[in-house]
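Examination of the molecular architecture
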Amino acid sequence: MLVEATLDFPEEEIDFLEAADARGKLATLRHELNQIQSDARQGALLREGLSVVLAGQPNVGKSSLLNALAGAELAIVTPIAGTTRDKIAQTIQIEGIPLHIVDTAGLRETEDEVERAGIARTWQAIKQADIVLHLLDARIGFTPEDAAIAANLPAGVPMIQLHNKIDLLAESAAVALATEAKAVRTVRLSAKSGAGIDDLRAQLLEIAGWQVGTESVYSARERHLIALRAANHHLLNAAEQAAQNAQALDLFAEELRLAQLQLNTITGEFTPDDLLGEIFSRFCIGK
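The rules we used
Residues numbered from 1 in each chain as written. Predicted model: local features only at pLDDT ≥ 70, side-chain atom pairs only at ≥ 80, totals over all residues. Heavy atoms only, no water. Helix = DSSP H or I, 4+ residues; strand = E, 2+ residues; numbered from the N terminus. Contact = heavy atoms within 4.5 Å. Areas by Shrake-Rupley, 256 points an atom, 1.4 Å probe, with all protein chains shown as cover. Pairing = 2+ DSSP bridges. Axes fitted to C-alpha atoms, helices over the stretch in contact; angles between N-to-C directions. Salt bridge = Lys/Arg side-chain N within 4 Å of Asp/Glu carboxyl O. Buried < 20%, exposed > 50% of the residue type's maximum accessible area, 1.4 Å probe, protein only. Expected span 1.5 Å × (residues − 1). Arc of directions from axis to C-beta. Parallel < 35°, antiparallel > 145°, perpendicular 65-115°, else oblique. Left-handed = near helix turned anticlockwise from the far one by under 90°. Nonpolar A, V, L, I, M, F, W, Y, C, P; charged D, E, K, R; others polar. Core = buried A, V, L, I, M, F, W, Y, C linked by side-chain atoms within 4.5 Å.

The protein is annotated in an unreviewed UniProt entry as TrmE-type G domain-containing protein from Linnemannia gamsii.

Structural notes on the overall build of the protein
The helix and strand tally for the protein stands at eleven helices and six strands. A separation of at least 24 residues holds for 68% of the contacts in the protein among residues at least 6 apart in sequence. Of the roughly 15900 Å² that the protein leaves accessible, carbon and sulfur atoms contribute 52%.

Examining the sheet that holds strand E2 (residues 88-94)
Read from one edge to the other, the open sheet built from six strands follows the order E2-E3-E1-E4-E5-E6, with strand pairing classed as mixed. Taken across any chain shown, the strands that pair with only one partner, and hence form the sheet edges, are E2 and strand E6 (185-188). Neighbour-to-neighbour, the strand axes of the sheet open up by a mean angle of 25 degrees, direction not taken into account. Docked against the sheet, helix H8 (residues 197-208) engages strand E1 (50-56), E2, strand E3 (97-103), strand E4 (131-137), strand E5 (159-164) and E6, running at close to 155 degrees with respect to E6.

Let's talk about the pattern of salt bridges
Overall, the coordinates contain six salt bridges when judged by the stated rule. We note a salt bridge from Asp137 to Lys165, for which the minimum N-O separation is 3.9 Å. Of the two residues, Asp137 sits in strand E4 while Lys165 sits in the loop between E5 and helix H7 (171-179), which places them 28 residues apart along the sequence. For Asp137, a relative accessible area of 7% translates into the label buried. Glu254 is paired through a salt bridge with Arg257; the nearest N and O atoms lie 2.7 Å apart. Remark: Arg257 and Glu254 occur in helix H10 (residues 249-267); sequence separation between them is three residues, near one turn of the helix. The class of Arg257 is partly exposed, set by a relative accessible area of 39%. Overlapping salt bridges, with partners in common, bring together Asp137, Arg139 and Lys165 in one network.

A word on helix H5 (residues 113-127)
Because an α-helix packs 3.6 residues into every turn, residues spaced three or four apart end up facing the same way. Between its first and last C-alpha atoms H5 spans 22 Å; for 15 residues at 1.5 Å apiece the expected length is 21 Å, and the two agree. Those residues of H5 not exposed but buried are Glu115, Gly118, Ile119, Thr122, Ala125 and Ile126. The arc that holds every buried residue of H5, seen down its axis, measures 115 degrees, which confines them to one face. Facing away from the buried side of H5, by more than 90 degrees, are the exposed residues Glu113 and Lys127. Looking at the packing, one finds that the buried side of H5 touches E1 and E4.

Re the packing of helix H9 (residues 222-242) against H10
Two elements in contact, H9 and H10, have axes whose closest approach is 8 Å; the angle formed by their N-to-C orientations is 165 degrees. On the basis of their axis angle, the class for H9 and H10 is roughly antiparallel. As for how H9 packs across H10, the hand of that crossing is left-handed. Judged by residue contacts, Arg223, His224, Ala227, Leu228, Ala230, Ala231, His234, Leu235, Asn237, Ala238, Gln241 and Ala242 of H9 engage Leu251, Phe252, Glu255, Leu256, Leu258, Ala259, Gln262, Leu263, Thr265 and Ile266 from H10. Counted by class, the contact of H9 with H10 contains 14 nonpolar, six polar and two charged residues.

A look at the nonpolar core
Ranked by internal contacts, the top residues of the largest apolar core, which has 25 residues, are Leu65, Leu99, Leu133, Leu162, Leu200 and Leu204. If one sorts the elements of this core by residue count, H8 sits on top with five residues. Excluding residues within four positions of it along the chain, Leu204 makes contact with Val52, Ile94, Leu99, Ile131, Leu133 and Ile160. In terms of nonpolar packing, the next biggest core, distinct from the first, is built from 17 residues, Leu33, Ala242, Phe252 and Ala253 among them.

Now the structure itself:
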């Protein structure tokens, strides 16, 4: 409204933009829209669920963990490395939040064509994950092979490092593992005995943003998220135009208009007549 007033009524002796701190208002709007976008994205995740991929070397207990989380024998478990050849998915709920747990083939170098195809699908599932659970054998610890897996995990995707099979550790080794400093989220557990499973569930809820009685997130659909991203993009462009000289005022107004059109798809239409009504109700213009 301030920009349009400046453009439509240049004969007025008021610099509407400076007088009302339009650039400061724009910065505040961008901050608020970023927060809404974050809350809306979180709301969509809480409604639609999170994709949680179990990854790691063969025979570290991925299938056992899937069974433990699901409370059923969904995956075949044997001491033979490479038993799981393809991904197995199961949806569970923790405090009402859907989690799509994906068990995958163990990651290793192999000449077996079928296993290699399963490993390729594992990496594809990892790239699409909301959370990656990187399983290790607690008896062996973090190996060079585990380091190679961790280095290839997608940047920006939350990861929890799980030290499984703690039930097979000697007590002294368990204490040493517990006191070892880690730069990543770490959970010590036993998929077989169930020890540490509650800690894992708590970590998953924390990453999902779940809180008791939380009301801060919005129940957004994908089209809402797309509109918010587009509006945010146009506000960024508007801020860049605002930083330039007065000749960019038309472009500044256009970016704000495009941002408003995106928000209209969520809130309802804001027409040119509505805009003029705002201008004349706020300023004494043309009188």
